[in-house]
Amino acid sequence: MPADLPMLDGRALPALGFGLYKVPAEQTAEVVAAGLDAGYRLVDGAEFYGNERELGEALRRAEQQGVARDALTVTSKFWGESSQEPAAVREAFAQSERALGTPIDVYMIHWPRPARDSYVDVWRTLVELRDEGRVRTIGVSNFTHEHLRRLIEETGVTPAINQVESHPWLPQHELRAFHRHHGIVTQAWSPLGRSRVLHDPTIQRIAAAHGVSPAQAIIRWHLQLGGALIPKSTHPHRLRENLDVDRFRLGDDDMAAIAALETGERTGTHPDDRN
Ligand code: A2P
């Protein structure tokens, strides 16, 4: 199990979690049970994923089977497509809390939606929710360094986490450096490039040299960059495989070879492209 990452709010974040994006609601309870059984302690959910009720049921079932809830980190995110008003943020938060039936540990702004120019105000509401004790840690997702700079300058409160697309084709080195400077944890979504990067010949060569799978090699790369990540799988054996990354380390030559794979290619949406 990789070590937790310290956050600027004094809490610790499990470096490796598993994500529920695109996990069908009817499969969610099964996937969550498999993930917790494999030993994950962070589950990345969101209102937009449409499976929070099922995630909550799985968490309750796990608790009955002896998994301590306070050992787990559960994430949710504000989607905000219909409204970005403070009341809408509060209602979305309460709705996710009701669906989960358990407190939210980490709440994030899912997208900056820069064309609406309201993410600073949305952030102020997240800060209030945290100050009211309703959520432990607040963060953002899909923010560029410009969006982050505005949040920090205009509110004085730095997000603990920025969850962004990152994988060997999109390593986000500059954004990671900005995060490091401000104490923000980089948490990668699509850390395997939606599985496409697994087929990269350099990744395959490095994985074979270490006697591990391409997914394990990429996960190790993320961890050695000092970041957190949430690889998604609906298969229990892959969930286990993705957590089994402590028995090898990539050398400087491996890290350099992976750094050379950067193309900037995204497998998901650009932060500015969702209004
Ligand atoms: P599946 O859910 O069928 O297991 P990302 O997290 O980058 O978005 O990648 C998720 C994709 O990678 C999913 O299609 C998932 O497929 C696949 N995947 C996850 N872990 C592994 C693994 N260890 N080996 C192969 N494919 C994997």
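Values in this document were obtained by computation on a predicted structure and should not be read as measured data.

**Concerning the overall build of the protein chain**
Then, in step 1: When helices and strands are counted, the protein chain shows 10 helices and 10 strands.
Then, in step 2: Looking at the 275 residues of the protein chain, the share that counts as buried comes to 55%.
Then, in step 3: Excluding contacts between residues fewer than 6 apart, the proportion of contacts in the protein chain whose partners are at least 24 apart in sequence is 75%.
Then, in step 4: For the protein chain, the accessible surface area stands at approximately 11600 Å², while carbon and sulfur atoms represent 47% of it.
Then, in step 5: The centroid of the 31 positive side-chain charges in the protein chain is displaced by 2 Å from the centroid of its 38 negative side-chain charges.

**Here's the deal with the environment of glycine 193**
Then, in step 1: Along the chain, glycine 193 falls in the loop between strand 9 (185–189) and helix 7 (201–210).
Then, in step 2: Separated by 25 residues in the primary sequence, glycine 193 and isoleucine 218 have C-alpha atoms spaced 9.7 Å apart.
Then, in step 3: In contact with glycine 193, not counting residues within four places along its chain, are His167 and Thr267.

**Some thoughts on the site of the ligand**
Then, in step 1: With respect to spatial proximity, 16 residues lie near the ligand, and among them Leu192, Ser233, Thr234, Arg238 and Asn242 are the closest.
Then, in step 2: Proline 191 is positioned such that a nitrogen or oxygen atom in its backbone is 3.3 Å from an oxygen atom of the ligand.
Then, in step 3: In isolation the ligand exposes 570 Å². Once the protein is present, 84% of that is buried.
Then, in step 4: Judged by its atoms lying within 2 Å of the grid points, the ligand is housed in the largest pocket.
Then, in step 5: The dominant element in the shell around the ligand, judged by the number of residues it contributes, is helix 9 (residues 236–243), at three residues.

**Thoughts on the packing of aromatic side chains**
Then, in step 1: If you walk through the whole model with that rule in mind, you get six aromatic pairs.
Then, in step 2: Grouping aromatic residues by their ring pairs yields a cluster made of Tyr21, Phe48, Tyr49 and Trp79.
Then, in step 3: Sitting over the ring of tryptophan 221, arginine 176 keeps its end group 5.9 Å from the ring centre.
Then, in step 4: Sitting over the ring of phenylalanine 48, arginine 274 keeps its end group 6.0 Å from the ring centre.

**What to know about the pairing of strand 5 (residues 73–78)**
Then, in step 1: Counting buried positions over the six residues of strand 5 gives six, a clear majority of the element.
Then, in step 2: In strand 5, alternate side chains face the same way, and those of Thr73, Thr75 and Lys77 on one face and Val74, Ser76 and Phe78 on the other are all buried.
Then, in step 3: Looking at chain direction, strand 4 (residues 42–44) and strand 5 are connected through three bridges and run parallel. In the sheet register, aspartate 44 faces strand 5, and the bridge partner there is threonine 75.
Then, in step 4: Two strands pair when backbone bridges link them, and strand 5 and strand 6 (residues 106–109) are joined in this way by four bridges, in the parallel orientation. Residue pairing across strands places phenylalanine 78 opposite isoleucine 109, the latter belonging to strand 6.
Then, in step 5: Once you follow strand 5 into helix 3 (residues 86–100) and on to strand 6, the crossover reads as right-handed.

**A closer look at the sheet that holds strand 10 (residues 228–229)**
Then, in step 1: Judged by pairing direction, the sheet is parallel, and its eight strands sit side by side in the order 3-4-5-6-7-8-9-10 without closing on themselves. The sheet is open, and its two edges are formed by strand 3 (18–19) and strand 10, each paired on a single side.
Then, in step 2: Relative to strand 4, strand 3 runs parallel, the two being bridged by two bridges. Residue pairing for strand 4: glycine 19 is matched across the bridge by aspartate 44.
Then, in step 3: Strands strand 5, strand 6 and strand 7 (137–141) of the sheet are contacted by helix 4 (residues 119–131), whose axis makes an angle of about 160° with strand 7.

**What about the layout of surface pockets?**
Then, in step 1: Considered as a void within the structure, the largest pocket measures approximately 710 Å³ in volume.
Then, in step 2: When residues of the lining of the largest pocket are assigned to their parent elements, the largest contribution, three residues, is made by helix 9.
Then, in step 3: Class assignment for the residues of the lining of the largest pocket results in 14 nonpolar, 14 polar and seven charged.
Then, in step 4: Taken as a whole, the second largest pocket encloses approximately 270 Å³ of empty space.

**Structural notes on the environment of alanine 3**
Then, in step 1: If you trace the backbone, alanine 3 turns up in the segment before strand 1 (5–6).
Then, in step 2: With 124 residues separating them along the chain, alanine 3 and valine 127 place their C-alpha atoms 27 Å apart.

**Focus: the pattern of salt bridges**
Then, in step 1: Summed over all chains, the structure comprises 15 salt bridges.
Then, in step 2: Note that glutamate 132 is salt-bridged to arginine 90, the shortest N-O span being 2.6 Å. Remark: arginine 90 occurs in helix 3 and glutamate 132 occurs in the loop between helix 4 and strand 7; sequence separation between them is 42 residues.
Then, in step 3: Look at glutamate 132 and you get partly exposed, because its relative accessible area is 43%.
Then, in step 4: As a salt-bridge pair, arginine 150 and glutamate 154 come within 2.8 Å of each other at their nearest N and O atoms. On the criterion of helical spacing, the pair formed by arginine 150 and glutamate 154 is a turn pair, its members being four residues apart in helix 5 (residues 145–155).
Then, in step 5: Judged by relative accessible area, glutamate 154 falls into the partly exposed class, the value being 39%.
Then, in step 6: The structure contains a network of salt bridges with shared partners spanning Arg90, Glu128 and Glu132.

About the cut-offs
Residues numbered from 1 in each chain as written. Predicted model: local features only at pLDDT ≥ 70, side-chain atom pairs only at ≥ 80, totals over all residues. Heavy atoms only, no water. Helix = DSSP H or I, 4+ residues; strand = E, 2+ residues; numbered from the N terminus. Buried < 20%, exposed > 50% of the residue type's maximum accessible area, 1.4 Å probe, protein only. Contact = heavy atoms within 4.5 Å. Areas by Shrake-Rupley, 256 points an atom, 1.4 Å probe, with all protein chains shown as cover. Lys, Arg positive; Asp, Glu negative; His and termini not counted. Charge placed at Lys NZ, Arg CZ, Asp CG, Glu CD. Near = heavy atom within 4 Å. Polar contact = N/O pair within 3.5 Å; in protein donor to acceptor, adjacent residues only side chain to side chain. 1 Å grid on protein atoms, 1.4 Å probe; cavity = no way out; pocket = protein on both sides within 12 Å on 5 of 7 lines; lining within 4 Å. Sits in = over half its atoms within 2 Å of the grid points. Phe/Tyr/Trp six-rings, centres within 6.5 Å; stacked < 30°, edge-to-face > 60°. Lys NZ or Arg CZ within 6 Å of the ring centre and 35° of its normal. Pairing = 2+ DSSP bridges. Right-handed = clockwise from strand over helix to strand, strands pointing away. Axes fitted to C-alpha atoms, helices over the stretch in contact; angles between N-to-C directions. Points joined across faces, edges and corners; volume = space filled by probe spheres on them. Nonpolar A, V, L, I, M, F, W, Y, C, P; charged D, E, K, R; others polar. Salt bridge = Lys/Arg side-chain N within 4 Å of Asp/Glu carboxyl O.

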